[in-house]
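Survey of secondary and tertiary structure
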Amino acid sequence: MSTAALLADAPNTSPVAAADREVTVAELCEQITDRITIRRYVPGMVLPARVVAADLGVPADLLPRAFADLAEAGTLARNGRRISVPHTSEERASRARDLAARTLDQVASRLYPPGAPLPGIAELARDRVTDPLLMRMALGRLEDEGWVGRKPGQGRVVLPSGWLLAPPRRTALPPRPVGSAILIEHEIRDAVRLAYTRWISRQFLPPEDVDRAWQEMRVIAAQVLPPMRPGRLHPLRRGERAAALVHEAASAPLPDAALYGLWHTACLAMAIRGLLAYSCRRTP
């Protein structure tokens, strides 16, 4: 009999020693289920045993039995050794709504002013760290709602209805770091890569750590951003757009859900990477 089968056959009520008391497999299952209910663990999130154990305050070797029971019940999904919160039928539609809302925020902040053409789907998907099909769904929603239209020779453009959007809520950027707080280029690139990897891997990160990573990325944004010139952004000037994308992403509020917080941080990281790449190309 396989190890997984033996674990699945283990009785739910058997006591196992935790750090400070005895806890049952049933109690672990209940704690994990509660965290899914309150959306601390959200659909699509990967749950490594050591990370969940730290979150629950139990040794990691106690988790396999709980994972086996929850996977059998359909509360968790198993793909080889990978345990995750299962995707829901509404999740993809929800992600498309979030992408559409973020694009509308960027229209309202005049990153994409009414009358200006939008970048292509591949570029938008890269900026949002998402797949092109999902980005297409988000743009389809905006077309259906009358915010985006198509013009011959220009592709998708923001319609005049965009002027009706009130400026989105923004948070002030941190002050530009000085002295020993300034990161060198390879440290910035390592931080950008880590933010991207965390989102792509979808591994659970405690909300307080997500917030810390977000604030660290905002400090990097404040360091790399050039002084913003007043006046209307020219959407076709890539240097202006690269800087404006960083500024807009860094000043947007962090979503409440930890997984979307990782996504938001990855979007800012990709914007910073784009600005650094543009700066390198412009350097003689």
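Structure's up top.
Residues numbered from 1 in each chain as written. Predicted model: local features only at pLDDT ≥ 70, side-chain atom pairs only at ≥ 80, totals over all residues. Heavy atoms only, no water.

**Concerning the pattern of salt bridges**
Applicable threshold: By convention in these notes, a salt bridge is any Lys or Arg side-chain nitrogen within 4 Å of a carboxyl oxygen on Asp or Glu. Strands are runs of DSSP state E lasting at least 2 residues, helices are runs of H or I lasting at least 4, and numbering of each runs from the N terminus. In this scheme, a residue with accessible area under 20% of its type's maximum is buried, one over 50% is exposed, and one in between is partly exposed, where area comes from a 1.4 Å probe on protein chains only.
The full count for this structure, using the stated rule, is 13 salt bridges. Residue D131 is joined to R92 by a salt bridge in which the shortest nitrogen-to-oxygen separation is 3.0 Å. In this pair, D131 sits in the loop between helix 6 (121-128) and helix 7 (132-144) while R92 sits in helix 5 (residues 91-108), placing the two residues 39 residues apart along the sequence. Classification of D131 by relative accessible area gives partly exposed; the value is 28%. Judged by relative accessible area, which is 40%, R92 ranks as partly exposed.

**Notes on helix 7**
Put simply, the rule reads: Multiplying 1.5 Å by the helix residue count minus one yields the expected span of that helix. Throughout, the arc means the angular range of directions from the helix axis out to the C-beta atoms. Contact between two residues is taken to exist if any of their heavy atoms lie within 4.5 Å; hydrogens are not considered. Any pair of N or O atoms that falls within 3.5 Å is considered a polar contact. Within protein, one atom must be able to donate a hydrogen and the other to accept it, and sequence-neighbouring residues count only if both atoms are side-chain atoms.
Counted at 1.5 Å a residue, the expected span for helix 7 with its 13 residues is 18 Å, and the 18 Å between its end C-alpha atoms agrees. Inspection of helix 7 places L134, M135, A138, L139 and L142 among the buried residues, and these make up the whole buried set. Taken around the axis of helix 7, the buried residues stretch over an arc of 140 degrees, which confines them to a single face. Exposed side of helix 7, more than 90 degrees from the buried face: L133 and D144 are the residues found there. Summarising the contacts, the buried residues of helix 7 are in contact with helix 5, helix 6, strand 5 (148-151) and strand 6 (155-158). Taking the backbone nitrogen of L133 as reference, a side-chain oxygen 3.1 Å away marks D131 as the first, capping residue of helix 7. Just downstream of helix 7 lies G146, where phi reads positive at about 85 degrees.

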